[in-house]
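As a plain string of letters, each chain reads:
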Amino acid sequence: MQNVTVVYEAMNAMVNFETMKSQQVIVTGGAGYIGSHTVVELVGAGFEPIIVDNFSNSHPRVLDGLERILNRKIQLFDVDCCDESALNGVFESCLKRGNITGVIHFAAFKAVGESTAEPLKYFSNNIGSTAALLATMHRHGVGSFVFSSSCTVYGQPEQIPVDETAPFLPAESPYGYTKQACERLISDAHSAHAELNVTLLRYFNPIGAHPSGDIGELPLGHPNNLIPFLTQATAGLRDPLTVFGNDYPTPDGTCVRDYIHVIDLARAHVAALNWLKDQNHACEALNLGTGNGSSVLQVIEAFESANGISVPHTIGPRRPGDVTAIFADAKKAKDLLGWECEHSLQEALKDSWNWQKKLEQTS
Ligand code: UFG
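Residues numbered from 1 in each chain as written. Predicted model: local features only at pLDDT ≥ 70, side-chain atom pairs only at ≥ 80, totals over all residues. Heavy atoms only, no water.

### Looking at the overall build of the chain
Tallying secondary structure elements over the chain gives twelve helices and 14 strands in all. Over its C-alpha atoms the chain spans a radius of gyration of 20 Å, differing by no more than 12% from the 21 Å that the globule rule assigns to 363 residues. When burial is assessed residue by residue, the chain has 54% of its 363 residues classed as buried. Nonlocal contacts in the chain, meaning residues at least 24 apart in sequence, comprise 82% of its contacts between residues at least 6 apart. Carbon and sulfur atoms provide 50% of the accessible area of the chain, an area that totals close to 15200 Å². Charge-centre separation for the chain: the mean point of 25 positive side chains lies 4 Å from the mean point of 40 negative side chains. (Helix = DSSP H or I, 4+ residues; strand = E, 2+ residues; numbered from the N terminus. Rg over C-alpha atoms; globule rule 2.2 N^0.38 Å. Buried < 20%, exposed > 50% of the residue type's maximum accessible area, 1.4 Å probe, protein only. Contact = heavy atoms within 4.5 Å. Areas by Shrake-Rupley, 256 points an atom, 1.4 Å probe, with all protein chains shown as cover. Lys, Arg positive; Asp, Glu negative; His and termini not counted. Charge placed at Lys NZ, Arg CZ, Asp CG, Glu CD.)

Structure (structure tokens):
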């Protein structure tokens, strides 16, 4: 099995081996932020996650956090998802042990700004990995596919809350374009391959961390997203947070987003997999958000009241490419999957701060 390094072996005597054999789920990018939380929820739901991750945008210490939470190791293949022959090796190895229930594809580059500077890197990685994975699934007759998409596919929608029937607008960045292109690629593959059952999960803004503080968002280098920057600025590790613009046509002038606790998001993946098991050639796009919009200033206030600490911040100019306001109509996910968010914004922000504090203690 060339290029495939088994870094971690599942060895816990508590695992029911029969269950494990029949419920394997390949989780690409499983060492990343959303991926790692999904691994926890999959184990809780009786699945056996198999992580495929080359740590190009994650850190191996995530595996220690997973082990502390789950009290066992998770099998990991250190593989680049664009490498079809290595992916083939992963599938062969798993199939020797039992069925592959499905594939959840998180692995992708996701920094909007970087994608503008290095579009080719984004096109080849994000689109190439999705094509390689679909080809490998087809070769092995694996049909259930859960794809990490983004509300970025909508651009600035004409109506908010936005539902899944809203048209794609021209992508603001190469990153956004890769999500649109992958959705297209997957739906074309779905039309051509009878065995494929798909959910295209369009995430809004994931925040928060596991309440244990053992896993969370671990941005490598300078954080681009609001919450990692906010927590690092509050911890004194960065300059004060810059609020990107307060002259938008919103109630307080700052941009509005739908912030969803990463655990709620992770649970939606489990619900999607369970739903896919009962489908016969389905392909559905689903919004994953809370249905509530919060402005940047409201998030700062909520963080301060949840954690009893003030957030150093200043008002700066707009960031190019930001949409003014977007939040989800998540009714379809509720109707189809029986899933809805259970965590509040405050809970998510408490967990984000807990994670940041624990990170400092353990770094
Ligand atoms: N923001 C600041 N200061 C910062 C960082 C962010 O004011 O230092 C603001 C942004 O302007 C925006 C909000 O906080 O209004 C959220 O910004 P993020 O960068 O956290 O998230 P985005 O909404 O820009 O992007 C997220 C995902 C993308 C996805 C996009 C879809 O990170 O992957 O949603 O809209 F494409």
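### Comments concerning the packing of helix 6 (residues 119–140) against helix 7 (residues 174–192)
In contact at an axis separation of 9 Å, helix 6 and helix 7 are set at 20° when each is read in the N-to-C sense. Put simply, helix 6 runs roughly parallel to helix 7. With respect to the hand of their crossing, helix 6 and helix 7 are arranged in right-handed fashion. Taken together, the residues of helix 7 that come into contact with helix 6 (itself represented by Pro-119, Tyr-122, Phe-123, Asn-126, Ile-127, Thr-130, Ala-131 and Leu-134) are Pro-174, Tyr-175, Tyr-177, Thr-178, Ala-181, Cys-182, Leu-185, Ile-186 and Ala-189. Among the residues making up the contact of helix 6 with helix 7, the classes are represented as 14 nonpolar, three polar and no charged. (Axes fitted to C-alpha atoms, helices over the stretch in contact; angles between N-to-C directions. Parallel < 35°, antiparallel > 145°, perpendicular 65-115°, else oblique. Left-handed = near helix turned anticlockwise from the far one by under 90°. Nonpolar A, V, L, I, M, F, W, Y, C, P; charged D, E, K, R; others polar.)

### Comments concerning the packing of helix 8 (residues 226–234) against helix 12 (residues 345–362)
Remark: helix 8 packs on helix 12, axes separated minimally by 10 Å, with the N-to-C direction vectors making an angle of 55°. It follows that helix 8 is oblique to helix 12 by the angle criterion. Note on packing geometry: the crossing formed by helix 8 with helix 12 is right-handed. From helix 8, Ile-227, Thr-231, Gln-232 and Thr-234 reach across to helix 12, where they touch Leu-349, Ser-352, Trp-353 and Gln-356. Split by residue class, the contact of helix 8 with helix 12 holds three nonpolar, five polar and no charged.

### Concerning the packing of aromatic side chains
All told, the structure shown has four aromatic pairs when counted by the stated rule. With a centroid separation of 6.4 Å and an interplanar angle of 25°, the aromatic rings of Phe-145 and Phe-147 are classed as stacked. In this structure, Phe-145 and Phe-147 share a single accessibility class: buried. For the ring pair Phe-303 and Trp-353, a centre distance of 5.7 Å and an interplane angle of 75° mean the geometry is edge-to-face. (Phe/Tyr/Trp six-rings, centres within 6.5 Å; stacked < 30°, edge-to-face > 60°.)

### A few points about the site of the ligand
Near the ligand you find 18 residues, and of these Asn-225, Leu-226, Thr-242, Arg-257 and Asp-322 are the closest. Measuring from an oxygen atom of the ligand, one finds a side-chain N or O atom of Tyr-175 at 3.2 Å. At 2.9 Å, a backbone N or O of Phe-244 approaches an oxygen atom of the ligand. Considered on its own, the ligand offers 680 Å² of accessible surface; in the complex 89% of this is hidden by protein. When the residues that make up the shell around the ligand are grouped by side-chain class, the tally is nine nonpolar, six polar and three charged. (Near = heavy atom within 4 Å. Polar contact = N/O pair within 3.5 Å; in protein donor to acceptor, adjacent residues only side chain to side chain.)

### Side note on the pattern of salt bridges
With the rule as written, the count across this model stands at 16 salt bridges. Residue Arg-139 is joined to Glu-84 by a salt bridge in which the shortest nitrogen-to-oxygen separation is 2.7 Å. Taken together, the positions of Arg-139 in helix 6 and Glu-84 in helix 4 (residues 84–97) put the pair 55 residues apart, joining distant regions of the chain. What makes Glu-84 partly exposed here is its relative accessible area of 30%. Two residues, Glu-342 and Arg-267, come together in a salt bridge whose shortest N-O distance is 3.3 Å. Here Glu-342 is found in the loop between helix 11 (331–337) and helix 12, whereas its partner Arg-267 is found in helix 9 (residues 262–277), with 75 residues between them in sequence. Glu-342 gets classed as exposed once you look at its relative accessible area, which sits at 59%. (Salt bridge = Lys/Arg side-chain N within 4 Å of Asp/Glu carboxyl O.)

### With respect to the state of the cysteines
Two cysteines form a disulfide when their sulfur atoms are joined by a covalent bond. For the structure on display, the rule yields zero disulfides. With no disulfide of its own, Cys-94 lies closest to Cys-81 among cysteine sulfurs, the gap being 12 Å. We classify Cys-94 as buried; its relative accessible area is 0%. The thiol of Cys-283 is not disulfide-bonded; the next cysteine sulfur, from Cys-182, is found 13 Å away. Take Cys-283: its relative accessible area is 23%, and that puts it in the partly exposed class. (Disulfide = S-S within 2.5 Å.)

### Section: the nonpolar core
Judged by nonpolar contacts, the single largest core of 41 residues is most densely connected at Leu-42, Leu-66, Leu-288 and Trp-339. Contributions of two or more residues to this core are made by strand 2 (24–28), helix 2 (33–44), helix 3 (61–70), strand 7 (197–203), helix 9, strand 12 (283–288) and helix 11. With ten residues, the single largest contributor to this core is helix 9. When residues no more than four places from it in sequence are discounted, the contact partners of Trp-339 are Ile-260, Asp-264, Arg-267, Ala-268, Ala-271, Asn-287, Leu-288, Gly-289, Ala-333 and Lys-334. Within the second largest apolar cluster, 28 residues are counted, among which are Phe-77, Ala-86, Val-90 and Ile-100. (Core = buried A, V, L, I, M, F, W, Y, C linked by side-chain atoms within 4.5 Å.)

### Notes on a nonpolar patch on the surface
Taken together, Leu-120, Phe-123 and Tyr-177 make up a surface patch of nonpolar side chains, about 320 Å² in accessible area. Looking at the element boundaries, Phe-123 is found in helix 6. Residue class for Phe-123 comes out partly exposed when judged on its relative accessible area of 31%. (Patch = residues over 30% accessible without salt bridge, like charges linked within 9 Å, V, L, I, M, F, W, Y side chains within 5 Å.)

The values are spatial; any link to function lies outside them.
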